[in-house]
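# Overview (structure and organization)
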Amino acid sequence: MNMEAAASEPVIVIKNLVKGFGDKLILDGFNLTVEKGSNVVILGKSGSGKSVLIKCIIGLLAPDSGSIHVFKENIPGMNEDELDQARSKIGFLFQSNALYDSMTIRENLEFPLLRHWVDIEKEEVDRLVREALENVDLLHTLDMMPSELSGGMLKRVALARTMILRPEIILYDEPTTGLDPVTSREIENLILKLQKKNHTSSIIISHDMNCVKNTADVVVLLLEGKCYTKGTYEELEQSADQNIKQFFE
Amino acid sequence: MALIVSFKKFLDETGDIARFTGRFFSVGMKPRYENRELLNQCYNIGYLSFPLVALTAFIMGLVLTMQLRPSLVEYGVESQLPVMVGLAIVREIGPVITALIFAGKIGSSIGAELGSMKVTEQIDAMTVSGIKPYKYLVATRVLATTLMLPLLTILGDGISLFGAYLGVNIRSVTSIDLFFLQVFKSLDFSDVLPAIIKTLFFGFAVGMVGCYKGFNSSKGTQGVGVSANSAVVLSSVLIFIIDLLAVQITELLGLN
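Residues numbered from 1 in each chain as written. Chains lettered and ligands numbered in written order. Predicted model: local features only at pLDDT ≥ 70, side-chain atom pairs only at ≥ 80, totals over all residues.

## A look at the overall build of chain A
Across its full length, chain A carries nine helices and 10 strands. In terms of C-alpha radius of gyration, chain A reaches 18 Å, essentially the compact-globule figure of 18 Å for 249 residues. The principal-axis extent of the C-alpha atoms belonging to chain A is close to 55 × 40 × 40 Å. Relative to its full complement of 249 residues, chain A shows a buried share of 43%. Of all intrachain contacts in chain A linking residues separated by at least 6 positions in sequence, the fraction that spans at least 24 positions is 67%. (Helix = DSSP H or I, 4+ residues; strand = E, 2+ residues; numbered from the N terminus. Rg over C-alpha atoms; globule rule 2.2 N^0.38 Å. Buried ≥ 20, exposed ≤ 12 C-beta atoms within 10 Å, placed from the backbone. Contact = placed C-beta atoms within 7 Å.)

Given below as structure tokens:
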């Protein structure tokens, strides 16, 4: 964990975020600030809008109102090209991994590199791909297809792909869901190791309380579309509030 | 009430498809061009469809000749069989049947492939990596279907005529030179050109509908099946509508 970073500059500032689907309001005036170098875990029940929140941050969903400033630039006000530029600083780890199943692991990792850095040398691409896979101890899977890997390996490859463009912020959508406790612990350690190595800031969505405990600098409880409470894991664990306690029981 | 709801849904979908198609010209045609992916799609869509198109074209030519012969014999114009078959294949049956086979094979595969990418968040993964999925996935596939279908139709027409030649020779003896001389003598540019031009539109429709259905897939794996199926149905209907329009336009232009 990275508490010393807590007092540094904000990298994400969300104000009065509102997002609904039809008549159903999912986010209702949500506010959040993420400091540089910190891991913020968003906790909430299924359907509470956690995934909607991070999809709004990366511009996959447009909010109904409110602002999301990433490095002082408002995401909802951007056009496609500006969004692409902003996204180069943000990594996103999908719950389903979202690896391209028609490509090998090497091609999966090369794909974003070749499109972002048009003039990059072939040798440099190869070096970066190998380095990214070495970071997650999966260099031997270089020429394998995603269908040949286990769930934990897929998650690690997805993490390597997320990190390959050296993002400054990473959004994790339930990184340990569906994994056994040992693999979950490995993924948590990887998240912390890569964060330490690359000095990234993160928002992590998780139901897994072990993951929350191990990775969170700050825990935010999302309830009824709002930031219900915010604090360290230890502070929230000791809370007498029933809405908070139910997550720690 | 249900009829009104269905009609509104139909109008909504028509509007969505029109907007999706508009993006092909506003987004898909702008640099940077995905030339490598376009070539890859031309190979998948064109080259790999050729065996199926060739087989069906051959059978179509053979069967058409065998079916036409009794009627022509009855009217005493059996000698006109190559002319009749040639005109029917080149002007109408070749392009339409090839396009329908193409819609069945390619429309469904594009719908299923993009639908699967959509439900497994692979399209979102491209977006967040700063890659434009419309340009990479849609523009390349639509361009490939638009370019490959006319080529497949020309090749299919040739194979179909060869099948017709064999069909003619089942009951009588005609040399290959004489058969093709009779066929080509009866054809002119106004028969060939409109038939090839309309296949460009057939190809565009098959690619665009497949991509639209795949891109708008939902409800998990069941949705992928629905996308693939509805891509084939809608593109087949569009092929007939475009064919009808093409006939009207060629008539208006005096090319019939």
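## Points about the overall build of chain B
Each helix and strand counted, chain B has nine helices and zero strands in total. In sequence order, chain B lays out its α and β elements as α-α-α-α-α-α-α-α-α. Projected onto its principal axes, the C-alpha positions of chain B cover 65 × 50 × 35 Å. Evaluated residue by residue, chain B yields a buried proportion of 42% over its 256 residues. Taking all contacts inside chain B whose residues are at least 6 apart in sequence as the whole, residues at least 24 apart take part in 88%.

## Quick word on the domain arrangement of chain A
Where the parts come together, the accessible area they lose is often given as the size of the interface. Residues and elements named next belong to chain A. Domain parsing of chain A yields domain 1 (3-89 + 170-248) and domain 2 (100-166). Here the C-alpha centre of domain 2 lies 25 Å away from the C-alpha centre of domain 1. Every contact between the two is made by 11 residues of domain 1 and, on the other side, 12 residues of domain 2. Here the element with the most residues in the side of domain 1 that touches domain 2 is helix H6 (residues 181-198); it accounts for six residues. (Domains from an automatic or database assignment.)

## Considerations on the nonpolar core
Ile42, Ile57, Val70, Ala160, Leu171, Val219 and Val220 of chain A are the most contacted members of the largest nonpolar core, which totals 126 residues. Discounting chain neighbours no more than four positions away, the residues touching valine 70 of chain A are Val11, Ile12, Ile57, Ile75, Ala86, Ile90 and Ile169 of chain A. (Core = buried A, V, L, I, M, F, W, Y, C linked by C-beta atoms within 7 Å.)

## What about the environment of threonine 120 of chain B?
Of note, threonine 120 of chain B is situated in the loop between helix H4 (81-119) and helix H5 (122-128). Linking threonine 120 of chain B and glycine 223 of chain B, residues 103 residues apart in sequence, is a C-alpha distance of 12 Å. With near-sequence residues (within four places) excluded, threonine 120 of chain B lies in contact with Ser96 and Ala98 of chain A.

## Here we look at the interface of chain B and chain A
Facing 10 residues of chain B, the contacting portion of chain A comprises 13 residues. Residue composition of the side of chain B that touches chain A, by class: three nonpolar, five polar and two charged. (Nonpolar A, V, L, I, M, F, W, Y, C, P; charged D, E, K, R; others polar.)

## Brief notes about the sheet that holds strand S1 (residues 10-21) of chain A
Each strand in a sheet pairs with another by means of backbone hydrogen bonds, the pair being arranged parallel or else antiparallel. Residues and elements named next belong to chain A. Pairing is antiparallel across the open sheet formed by four strands, whose spatial order is S2-S1-S4-S5. Of all the strands in the sheet, just strand S2 (24-35) and strand S5 (73-74) have a single pairing partner and so form its edges. Pairing analysis gives five bridges linking S1 to strand S4 (residues 65-70), with the strands arranged antiparallel. Looking at S4, one finds that valine 13 is bridged to histidine 69. (Pairing = 2+ DSSP bridges.)

## What to know about the sheet that holds strand S10 (residues 226-231) of chain A
All names here are of chain A. Within the open sheet, the six strands sit side by side as S6-S7-S8-S3-S9-S10. Their pairing is mixed. Each end of this open sheet is capped by a strand with a single partner; those strands are strand S6 (90-93) and S10. For this sheet, the mean angle separating the axes of adjacent strands, direction not counted, is 20°. Of the pairings in the sheet, the one linking S6 to strand S7 (residues 169-173) comprises four bridges and is parallel in character. (Axes fitted to C-alpha atoms, helices over the stretch in contact; angles between N-to-C directions.)

## What about unusual backbone geometry?
For the peptide bond that leads from proline 31 of chain B to arginine 32 of chain B, omega is 10°, which places it in the cis range. Looking at where arginine 32 of chain B falls in the secondary structure, it is placed in the loop between helix H1 (2-28) and helix H2 (35-45). Its identity as a non-glycine residue notwithstanding, aspartate 137 of chain A has a phi of 55°, on the positive side. For aspartate 137 of chain A, the position within the fold is in the loop between helix H4 (122-135) and helix H5 (151-163). Judged by the 13 C-beta atoms lying within 10 Å of it, aspartate 137 of chain A falls in the partly exposed class.

## Digging into the pairing of S4 of chain A
Bridge analysis of S4 of chain A against S5 of chain A gives two bridges, and the strand direction is antiparallel. Of the residues in S5 of chain A, the one forming a bridge with valine 70 of chain A is glutamate 73 of chain A.

## Describing the pairing of strand S3 (residues 39-43) of chain A
Residue and element names in this part refer to chain A. Judged by how many residues are buried, S3 sits mostly within the fold: five of five residues are covered. Here S3 shows two buried faces, one formed by Asn39, Val41 and Leu43 and the other by Val40 and Ile42. Across four bridges, S3 lies against strand S8 (residues 201-205) in parallel orientation. Across the sheet, isoleucine 42 pairs through a bridge with isoleucine 205, a residue of S8. Note that S3 and strand S9 (residues 218-223) share four bridges and pair parallel. Residue pairing for S9: valine 41 is matched across the bridge by valine 219.

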